[in-house]
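Each chain is listed here by its residues.
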Amino acid sequence: MSISTVDVVVTSPGRNFVTLKIVTSDGVVGWGDATLNGRELSVAAYLRDHLATTLIGRDEDRIEDTWQYLYRGAYWRRGPVTMASIAAVDMALWDIKAKKAGVPLYQLLGGASRDKLRVYAHASGNDYEALAQAIRGYVDEGYTAVRVQTGVPGLDRVYGVSDTAKPGEKYDYEPAHRAAGGSAATRPEEEDWDTPAYLRHVPSIFEKVREEFGPELRLLHDGHHRMSPIEAARLAKSLEPYDLFWLEDVTPGEDQEAFRLIRQHSTTPLATGEVFNSVYDYQTLITERLIDYVRSAPTHTGGVTGMKKLLDFAEIYGIRSGIHGPTDVSPIGMAAALHIDLAIHNFGIQEYMPHSELALETFRTSYTFDRGFLHPGDNPGLGVELDEELAARHPYIAAYLPVNRLLDGTVHDW
C-alpha cells in the first residue's frame, strides 16, 4: 500500500491550527499537527507547496525512511517551519500504522511504562489573592503540580498571566492576539518588561505560596527567556528555599553554554526547550547535564520519531521529559505527546492546558483527565479525529504573539 492523498487543513475553532491529513490507497486516514503559533500559514505552505507531492506513492509503513528523506533530502535542515512540517507527516504515518495494527500508538513504542501521566496546571494572577484562588481551584481538582505565574508591580500586563480572569476562575490565556472583535490582527501587540522589578517580586510570591499550600505541592515557574545568565542565576538561587519542581526558560537557550553559569550558582532544577526543534539544540545542555527536563513538543520537534530520538538521548544522561503542552499545540499534537509519555522510561511531567470546548468539538479525542493525571486512551492510532465539516466553519484568522520591550523601548526576549 502507499500514500494516496495529502491535504492541509487550516482551521480556527477559537485559535488557529494546522492539520495534515494523509490517506492511504486502502483508505486509512492519518492525522498530524503542524501548528506554529503566529506563523501557521508558513507551515501550511511548506506542507502544501513542497512536501505533499513528494509523499504521493510512498510506502506509508516506511516511517523512519520518510523522516530521514524529509529531514536530509531538502538540504535546508531544522528550523521551526521545517520541523513542524516533518512532525505532521510523521504523526500521520504513526497514526496510520497504529490504526492498521488495531492498537493505540504507545503499544508500538514499546508499550506502557506507567499507568497514568502526572500533569501540571497553569495558575496565574495579577496579585497574590487572584493567584492563590487559582491554585486552590486546581488543588481541589486533584492537581499535584501547578505552574505559578504572577503579575509584576508597575507593569500593566505580563506575558503568561491572564489579566481578564476573576479570582477563582481557571487560567484562560491566549497569548496570540487578534484585533478588536476577533478580526485579523495586522501586527503584534507590544508589552513592557522590567527585569529588576520581576527579580525583586517573584521570590516573595513563592514564599507566600509555600506558606499557604505546604511542601507537597509541586511548584513550577516559567521565566520566558527574559533574563541574562547572571540574572537567571540570581533568580534560581533566590528560589532555592521554596523547592521548585523546575524553573523554566530562564535565559535564551540558543546560547547553551550560558546554563553553565546558572548551574554554578544554584541547585534549582532547570527546564528548557519549548522553542527548540532539534536534538542538536540540546547537545551541550544534555551532555553536560545543564538541564533536568526537556521541554520540546512533538509538533515542533519532528513528530513522534524526532521526539523519541531526543528523549532517548536525554535518558542516557538522566534527564527527564517535560513535554510542552499549550493550547497552541492541537489535540492531535497533545495526543502524540501522551503516547510518547506513556511509553518512555524517563518521563517527568506533562504540561496540560485544556483546549476550549469548541476546539474539542472539532478535534474528537480519546485521552482522559482524572484528578491531576492524563491517559492517552486505547483507541487505535493517536486517538484523535478531525471533524472536517466543523473545521471548515472556522476559517483562519491572523493572530500574533506579542513583542516584549524593556521600559526604555528596547525589544527584549520573552
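Bear in mind the structure is a predicted one, so any value in this text is a computation, not a measurement. (Residues numbered from 1 in each chain as written. Predicted model: local features only at pLDDT ≥ 70, side-chain atom pairs only at ≥ 80, totals over all residues. Heavy atoms only, no water.)

K.L.:
If you had to explain the overall build of the chain to someone new, which residues and values would you point to?
P.N.:
From N to C terminus, the chain includes 13 helices and 18 strands. In terms of its C-alpha atoms, the chain occupies a principal-axis envelope of roughly 60 × 50 × 45 Å. By residue count, 58% of the 414 residues in the chain fall in the buried class. If you take every contact in the chain between residues at least 6 apart in sequence, the share linking residues at least 24 apart comes to 73%. Summed over its atoms, the accessible surface of the chain is roughly 16,500 Å², and 49% of this surface lies on carbon and sulfur atoms. Looking at the chain, you have 40 positive and 59 negative side-chain charges, and the mean spots of the two groups are 3 Å apart. (Helix = DSSP H or I, 4+ residues; strand = E, 2+ residues; numbered from the N terminus. Buried < 20%, exposed > 50% of the residue type's maximum accessible area, 1.4 Å probe, protein only. Contact = heavy atoms within 4.5 Å. Areas by Shrake-Rupley, 256 points an atom, 1.4 Å probe, with all protein chains shown as cover. Lys, Arg positive; Asp, Glu negative; His and termini not counted. Charge placed at Lys NZ, Arg CZ, Asp CG, Glu CD.)

K.L.:
How would you summarise the pairing of strand E4 (residues 117-125) if you had to cite specific residues and measurements?
P.N.:
For E4, the tally of buried residues reaches eight of nine residues, placing the bulk of the element in the interior. Pairing of E4 with strand E15 (residues 373-375), which is carried by two bridges, proceeds in the antiparallel orientation. Bridge pairing in E15 links Leu 117 to Leu 374. Bridging between E4 and strand E12 (residues 350-351) involves two bridges; their strand directions are parallel. (Pairing = 2+ DSSP bridges.)

K.L.:
Any details on the pairing of strand E6 (residues 190-193)? Residues and values, ideally.
P.N.:
Along E6, the buried face is formed by Glu 191 and Trp 193; none of Glu 190 and Asp 192, which line the opposite face, is buried. Pairing between E6 and strand E17 (residues 403-406): four bridges, direction parallel. The residue bridging Asp 192 from the neighbouring strand is Arg 405, located in E17.

K.L.:
Please set out a negative patch on the surface residue by residue, giving values where relevant.
P.N.:
The grouping of Glu 254, Asp 255, Glu 257 and Asp 413 at the surface amounts to a negative patch. Note on placement: Asp 255 falls in the loop between strand E8 (246-248) and helix H8 (258-265). A relative accessible area of 41% means that Asp 255 is categorised as partly exposed. (Patch = residues over 30% accessible without salt bridge, like charges linked within 9 Å, V, L, I, M, F, W, Y side chains within 5 Å. Salt bridge = Lys/Arg side-chain N within 4 Å of Asp/Glu carboxyl O.)

K.L.:
So what about the sheet that holds strand E2 (residues 17-24)? Which residues, and what values?
P.N.:
Strand pairing within a sheet occurs via backbone hydrogen bonds; the two strands may be parallel or antiparallel. Read across the open sheet, the three strands follow the order E1-E2-E3; overall the sheet is antiparallel. The open sheet has two edge strands with one neighbour each: strand E1 (3-11) and strand E3 (29-33). Neighbour-to-neighbour, the strand axes of the sheet open up by a mean angle of 20°, direction not taken into account. In this sheet, E3 lies alongside E2 in antiparallel orientation, the contact comprising five bridges. The residue bridging Lys 21 from the neighbouring strand is Trp 31, located in E3. The strands touched by helix H1 (residues 40-55) within the sheet are E1 and E2, with E1 carrying the most contacts at an inclination of about 170°. Helix H3 (residues 80-101) contacts E1, E2 and E3 of the sheet and is inclined by roughly 145° relative to E3. (Axes fitted to C-alpha atoms, helices over the stretch in contact; angles between N-to-C directions.)

K.L.:
Go over the pattern of salt bridges, please, and point to the residues and values.
P.N.:
Within this structure, the stated rule accounts for 24 salt bridges. For Lys 99, the salt bridge goes to Glu 385, with nearest N and O atoms at 2.8 Å. Here Lys 99 is found in helix H3, whereas its partner Glu 385 is found in strand E16 (residues 384-386), with 286 residues between them in sequence. Residue classification places Glu 385 among the partly exposed residues on the basis of a relative accessible area of 27%.

K.L.:
Explain the domain arrangement of the chain to me, using residue names and the numbers behind them.
P.N.:
Segmenting the chain into domains produces domain 1 (2-104) and domain 2 (109-379). The C-alpha centroid of domain 2 is placed 26 Å from the C-alpha centroid of domain 1. At the interface, 32 residues of domain 1 touch 36 residues of domain 2. For the pair domain 1 and domain 2, the summed buried area comes to about 2,400 Å², and 59% of that belongs to carbon and sulfur atoms. Taken as a group, Pro 13, Met 91 and Pro 104 account for 21% of the area that domain 1 buries against domain 2, more than any other trio of residues on that side. Between domain 1 and domain 2 we count two salt bridges in total. Where Glu 64 meets Lys 309, a salt bridge forms, and the shortest distance between an N and an O atom there is 3.0 Å. The interface formed by domain 1 and domain 2 holds 13 residue pairs in polar contact (both at pLDDT 80 or more) in total. The set of elements that each furnish at least two residues to the side of domain 1 that touches domain 2 consists of E2, E3, helix H2 (63-73) and H3. Among the elements that make up the side of domain 1 that touches domain 2, the one with the highest residue count is H3 (eight residues). (Domains from an automatic or database assignment. Buried area = accessible area lost by both parts, 1.4 Å probe. Polar contact = N/O pair within 3.5 Å; in protein donor to acceptor, adjacent residues only side chain to side chain.)

K.L.:
Account for the packing of aromatic side chains, with residues named and values stated.
P.N.:
Under the defined criterion, the tally for this structure stands at 13 aromatic pairs. The structure contains a cluster of three or more aromatic residues connected by ring pairs, namely Tyr 120, Phe 245, Trp 246 and Tyr 293. The aromatic ring of Trp 193 is capped on one face by Arg 226, whose charged end is 3.9 Å from the ring centroid. (Phe/Tyr/Trp six-rings, centres within 6.5 Å; stacked < 30°, edge-to-face > 60°. Lys NZ or Arg CZ within 6 Å of the ring centre and 35° of its normal.)

K.L.:
Run through the sheet that holds strand E18 (residues 411-412), naming residues and quoting values.
P.N.:
Strand order in the open sheet formed by three strands is E6-E17-E18, with mixed pairing between adjacent strands. Two strands lie at the open edges of the sheet, namely E6 and E18, each paired on one side alone. As paired strands, E17 and E18 are joined by two bridges and run antiparallel to one another. Residue pairing for E18: Arg 405 is matched across the bridge by Val 411.

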